[in-house]
Structures are given as structure tokens and as C-alpha cells.
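Read off the chains here:
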Amino acid sequence: MTVENPRAQGVPPNMPDYELARRRFSWASARARLEGLPGGGLNIAHEAVDRHARGPLSDAVALRFLGKRRPQLELTYAELKRETDRFAGMLEGLGVGRGERVSALAGRIPELYIAALGTLKHGSVFCPLFSAFGPDPILQRLVLGDARALVTTVALYRRKVAELRDRLPRLEHVLLVGDRDEIAAIPEVKDLRALMDAAGAAREVASTAPGDMALLHFTSGTTGRPKGAVHVHEAVVAHRETARAALDLRPGDVFWCTADPGWVTGTSYGIIAPLALGVTSVVDEAELEIDRWYGILQDQRVTVWYTAPTALRMLMRAGAQVAREYDLGSLRFIASVGEPLNPAVVVWSREAFGVPAHDNWWQTETGGIMVANFRSMEVRPGSMGRPLPGIEAAVARRDEDGLPVLAPDGTLALIETPDEQGELVLAPGWPSMFRGYLGEEERYRRCFAGGWYLTGDLVRRDADGYFWFVGRGDDLIKSAGHLIGPFEVESVLLEHPAVAEAGVIGRPDPVAGEIVKAFVAIAPGGEEGEPLRRELLAFARRRLGSAVAPREIEFVASVPRNRSGKIMRRLIRARELGLPEGDVSTLEGG
Ligand code: ATP
Ligand code: MG
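Residues numbered from 1 in each chain as written. Chains lettered and ligands numbered in written order. Predicted model: local features only at pLDDT ≥ 70, side-chain atom pairs only at ≥ 80, totals over all residues. Heavy atoms only, no water.

**What about the side chain of His-46?**
Move 1: Examined against the element boundaries, His-46 turns out to sit in helix 3 (residues 44-53).
Move 2: In this structure, His-46 is in contact with Glu-35, Gly-36, Leu-37, Arg-51, Arg-54 and Val-205, ignoring residues within four places of it in sequence. (Helix = DSSP H or I, 4+ residues; strand = E, 2+ residues; numbered from the N terminus. Contact = heavy atoms within 4.5 Å.)

Put into C-alpha cells, the structure is as follows:
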């Protein structure tokens, strides 16, 4: 059965036949759909901006910014070219070199997007930092990234960066956005706008090669210290193709990616992919607020919406009737990434929006979407879908220690039987694959075995080729001979009306090895206590069976998440066992 939104009638999916698209696909032909630079060069900013600025889309809106307090601001492709030309010219004037890092620490304001694309145009490397980071994580990432320049705002500079300056001798230029007089009063910084104006107009895009470093992205730090993943200019081939296939994006769309460019989603799909496809992107500076979000979907006439499970869960909690108060008739496609999407949310989304939420899977290292539920395919709630055209995915066997199992000839032992769980592995070679962890060669090398990239995530594949997320390798619970993914348990607990949040870990146990323990935050109106605890234990046992259901439940005020919304189970575990908390730089509210 094809799930079709009645509103999308007359708009056929970009990829009507998955099998056919897979068979016909080649990265070489995907690359040929880009313009490229003379002599075989490739530059993300050229494909995202200049190409359209010189063509029929020149006056189309590229980015529409919704400010927290400011009026809406639009940049057409032609205007975005002018602005990014100036930014690139400014970097040249400052003497920032090719391949050198330009970091940005700012909310979702126009200058952040201009800085990203202007940096790429200049041939330097863009490194976004999440604006809610405190001084420590900022320092750590600026040092690791060896930043030469930083773009930030007056307020963020004063609050977080000023105190770090003497520990950042390599950071030569701090470029501020804000009031001219306020900037002039800080001696050690420069006025971004004034320098851009002085840099003047049009310039050539740097003649970058496809394999030249373009982006440095830090991972979310869910499982440990964040890693700096290196991406190159040819990643744009994958950004564009995957957005076409998995997000159904096309020119004329109004696209809203709610992720912050501080995380890879907010750059790959919040900046690059929609521009490379000539789409209009809506950028909202504010954080999630239910009425504001529905208002944006309605008033901006958003056609494709890319968001995260936490956001969808919040909207779900407010109820489908809230969604119905708005005219969401333009919405053709909803996708979600970052965490497992609970089956209940997929079902709810169909009820509230008339379109199911389509889960897709990828990570900072893969640079783009790898596995997805496509518009033309039946959605199986709870599954993350099937590999994209051009992506070969398999399930690999792991040994007791979680290491890949290699045959004597060096090949990886793959699991062919349906529904058996193992590690998700990908055949290297797609254009947005990371090319290293900055300064950590050995760690990078360990991500590959037997000719495959090891994702560190555990999955199973059903008989029809759909992949199901089981858990992160590190989070898996081994209890009395069973391997249990915490997500499955959390997902069931969340279906109980009294549960607002749930985080599940394995607690060491002399008999079972580990037992499943759940940390539960209660929904408003619920009452903590023995009766509820017993009810939840029974509820979970009924749904999951006694081998998988939690043996212990502890009530907590909230479940620790990192700033990209992921549950930090390693932190729950460390707190439970009284162990050191490790790197908490990305902890929400931390
Ligand atoms: P770190 O690598 O620093 O521990 P992280 O893995 O959370 O942090 P990201 O690259 O932002 O950093 O996140 C990618 C991970 O998020 C994936 O490896 C996977 O564990 C999880 N993830 C992403 N999408 C999905 C999805 N659709 N379903 C389940 N898990 C997902
Ligand atoms: Mg990771």
C-alpha cells in the first residue's frame, strides 16, 4: 500500500519506484546533475548559491528568516550571492587561508548562514558551534578545530568568549554581529558588517577540489567526548540527492528544517541541501513553542518539514485537536531524525497532519541521510526505513566485546537472516562520508573493518529489507542472555499516559549480568508513588514480556538529554553507579 496524503495529489513523489531508483542510481550521474567548477572542481557554495543566482531562480527566496522579535527577512538567491561574496572577500582581506577553520557561534540569524556559505566560497572550512554552549565546550572546540576566525554576536561574545581570549592565541579574528558602537567599544574584535561592506562585490568561488575539506562538525557527545568529523566539498552531491529522495524536496517547496546548524542536520539539511535544490527555506530563530510552530507551518505554507522525535512527541502531548486548529493544508511531507521515532508518534502524526512522520537515520559521520522511509513506500511505524539509492547497508555480527567478526580472508561476517540483530554497517564511498576525526587518526581507522564503515548502532533488518533501530552499541543491555535495546523499552513506557519521559539502562546484577532499569519522569497530573510504579511495571511486562520489561523503575524529575535532544544513557548509568560523569559539554541545561 502506498501511503498518500490526499493534499499532495498532483505532486508525484520524486522517487516513485524505490527498487528502480536503486538499480539505476550511480553517484557519478548524481555528480553530473551538479554544475561543478571548471577543471573538475566542486564547491558547495557554488552549487548552493551562485549557480541559482545566475539562473532563473535568481529572484526566488532562498532563505526566509523569522526573528524572535525582528520582522521577517528574506534573501533571494541573488542577494545571498552578494552577501556571501562579501563574506568571502572579507576573509581574503583578513588573510584567512584556504583550508583554515572559520567557526561560528550564533543563533539562527542571517549572518550565520552567510558565514557558512561565504566561508565555503572562500575555500576555508566552516565549523559551527551550538550557540547555547557555555565557555568550556566553546574553548574545547575552538582549540580542537584550530579556529583562525570566529563569527559571533556582541551578546554571546561578552557572555562566553571574552573570558577565553587569552587561551586562544591561534584565534586571530573575532567578527561580531551587532550594534556598531557596542562593537567599537571592544578593542579586540572586528565589526563583521563593516568589513563585509568594505570588501565589496562579486568574486570568483575558490577553485576547491571535490576532496577538499569543507566542514568540521562535532558529534553530539551522546556516548562520550565529541569528535570532530571532517567533511569535504563533494558532500554536496549526497546532500542534494538524499534530500530529493528522502525528503521529497524540489524547487517551489517551502522547507522547514528545525535543527540548529550547530548540529549536522542543521547544516546538511538546514543550509546546503535545500539551497542546492533551489528550494525556499524557512529559518526560525526561536525555540520550540507549540503555537508558534503550528503558526509557522500554517502561515509560511510549509510543504516539507524536517524535525526531531522530541519535538513531535511534545506536539503529540498537546493533542491532535491543537493541530486541527490550524490550516496545515500545504504540508506534503514530514520527516524526523536524531533519535528513534516511536511508532505511536508515526500513527499520531497521520491522525494530526494527514501525513505520517517519516523516520530517517544517519549520523554526523555519514554527513547525510543513509536509511529512510520514502514517500512512495509503505511506512512501517517504528522502522527507520530502507537504504538510500547509492547506499549499501548491511547487518554485521559482533562478538561478545562488541567487536566486528572477521572471516580468515578479512571479510566482515554479515547477518543475512531476517530479524537477527547486529551492527549497522555501510559500504564506504558515498560522497558525504566523513574523511577523518580531526586529530584522531586511530579512532577514525577503528571505524572501518573488512571494507565496511561500522556505525556503532545496532539494528535488525526484516525480510523486506526494512531496518529497525535496536540501540546504540554502547547502550545495549545484556540481561540473562538477552540483548535488549533501551529504546524499545522506553517507547512502550512512553505510551503510558502517566509517563512524560523515560530513560532505560542496564544495571549490573550478580545473577542476570544486567537488569533493565527505567528512569521515568511523570506527566503533568500523574502521581509518583508505589501504585503507579507497580502499574508501570505491570504495563511494561504485559507489552514487552518479562525478559525485556524493566525490573526496576525509579521516578526522576527529568531524563538527561544532550542539546540535540538525545537521551544521555551513559550519564544515567554513571550517576546510578556513582561513576565519573565524563564529558558533559553537550548536556542540556548543563
Ligand atoms: P556521539 O557520537 O558523540 O556519541 P551522537 O552519536 O549522538 O554523539 P550524532 O552524530 O549527532 O551524534 O547522532 C547520530 C546518532 O543518533 C546515530 O548514530 C544514532 O545512534 C542516533 N540516531 C540518528 N537518527 C536516528 C534514528 N532515526 N533512529 C534511531 N537513532 C537515530
Ligand atoms: Mg555517534
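**With respect to the domain arrangement of the chain**
Move 1: By domain assignment, the chain separates into domain 1 (1-33 + 236-390), domain 2 (76-233), domain 3 (393-424 + 452-474) and domain 4 (477-577).
Move 2: Each of domain 3 and domain 4 was reduced to a C-alpha centroid, and the two centroids are 25 Å apart.
Move 3: Summing both sides of the interface, domain 3 and domain 4 together bury roughly 470 Å²; the carbon and sulfur share of this comes to 48%.
Move 4: The interface formed by domain 3 and domain 4 includes one residue pair in polar contact (both at pLDDT 80 or more).
Move 5: The element that contributes the greatest number of residues to the side of domain 3 that touches domain 4 is strand 21 (residues 467-472), accounting for three residues.
Move 6: Within the side of domain 3 that touches domain 4, the residues separate by chemical class into two nonpolar, one polar and three charged. (Domains from an automatic or database assignment. Buried area = accessible area lost by both parts, 1.4 Å probe. Polar contact = N/O pair within 3.5 Å; in protein donor to acceptor, adjacent residues only side chain to side chain. Nonpolar A, V, L, I, M, F, W, Y, C, P; charged D, E, K, R; others polar.)

**Focus on the environment of Val-161**
Move 1: For Val-161, the position within the fold is in helix 7 (residues 154-161).
Move 2: Here Val-161 falls in the buried class, since its relative accessible area comes to 0%.
Move 3: It is 32 Å that separates the C-alpha atoms of Val-161 and Thr-76, two residues lying 85 residues apart in sequence.
Move 4: The residues contacting Val-161, other than those within four sequence positions of it, are Leu-105, Leu-150 and Leu-156. (Buried < 20%, exposed > 50% of the residue type's maximum accessible area, 1.4 Å probe, protein only.)

**Some thoughts on empty space enclosed by the protein**
Move 1: Throughout the structure, instances matching the rule amount to four cavities of 30 Å³ or more.
Move 2: Computed from the structure, the largest cavity encloses a volume of approximately 80 Å³.
Move 3: As for the largest cavity, its lining consists of Arg-313, Glu-339, Pro-340, Asn-342, Phe-487, Glu-490, Ser-491, Leu-494, Ala-502, Arg-561, Ile-567 and Arg-569.
Move 4: Broken down by element, the lining of the largest cavity gets its largest block of residues, four residues, from helix 17 (residues 486-494). (1 Å grid on protein atoms, 1.4 Å probe; cavity = no way out; pocket = protein on both sides within 12 Å on 5 of 7 lines; lining within 4 Å. Points joined across faces, edges and corners; volume = space filled by probe spheres on them.)

**Some remarks on the pattern of salt bridges**
Move 1: The full count for this structure, using the stated rule, is 51 salt bridges.
Move 2: Note that Arg-240 and Glu-241 form a salt bridge whose closest N and O atoms lie 3.4 Å from each other. Taken individually, Arg-240 and Glu-241 each receive the classification buried, so the pair is uniform in this respect.
Move 3: Taking the shortest distance from any N to any O, the salt bridge between Arg-324 and Glu-351 comes out at 3.7 Å. (Salt bridge = Lys/Arg side-chain N within 4 Å of Asp/Glu carboxyl O.)

**Let's talk about the sheet that holds strand 24 (residues 499-509)**
Move 1: Here three strands make up an open sheet; going across it, the order is 24-25-26 and the pairing mixed. For this open sheet the edge positions go to strand 24 and strand 26 (552-555), each flanked by a neighbour on one side alone. Put simply, the sheet's adjacent strands are angled 25 degrees from each other on average, direction ignored.
Move 2: Where strand 24 lies against strand 25 (residues 513-522), 10 bridges are found, and the strand directions are antiparallel. Among the inter-strand pairings, Val-499 is bridged to a residue of strand 25, identified as Ile-522.
Move 3: Each of strand 24, strand 25 and strand 26 touches helix 18 (residues 530-544); the most contacted strand, strand 26, lies at about 135 degrees to it. (Pairing = 2+ DSSP bridges. Axes fitted to C-alpha atoms, helices over the stretch in contact; angles between N-to-C directions.)

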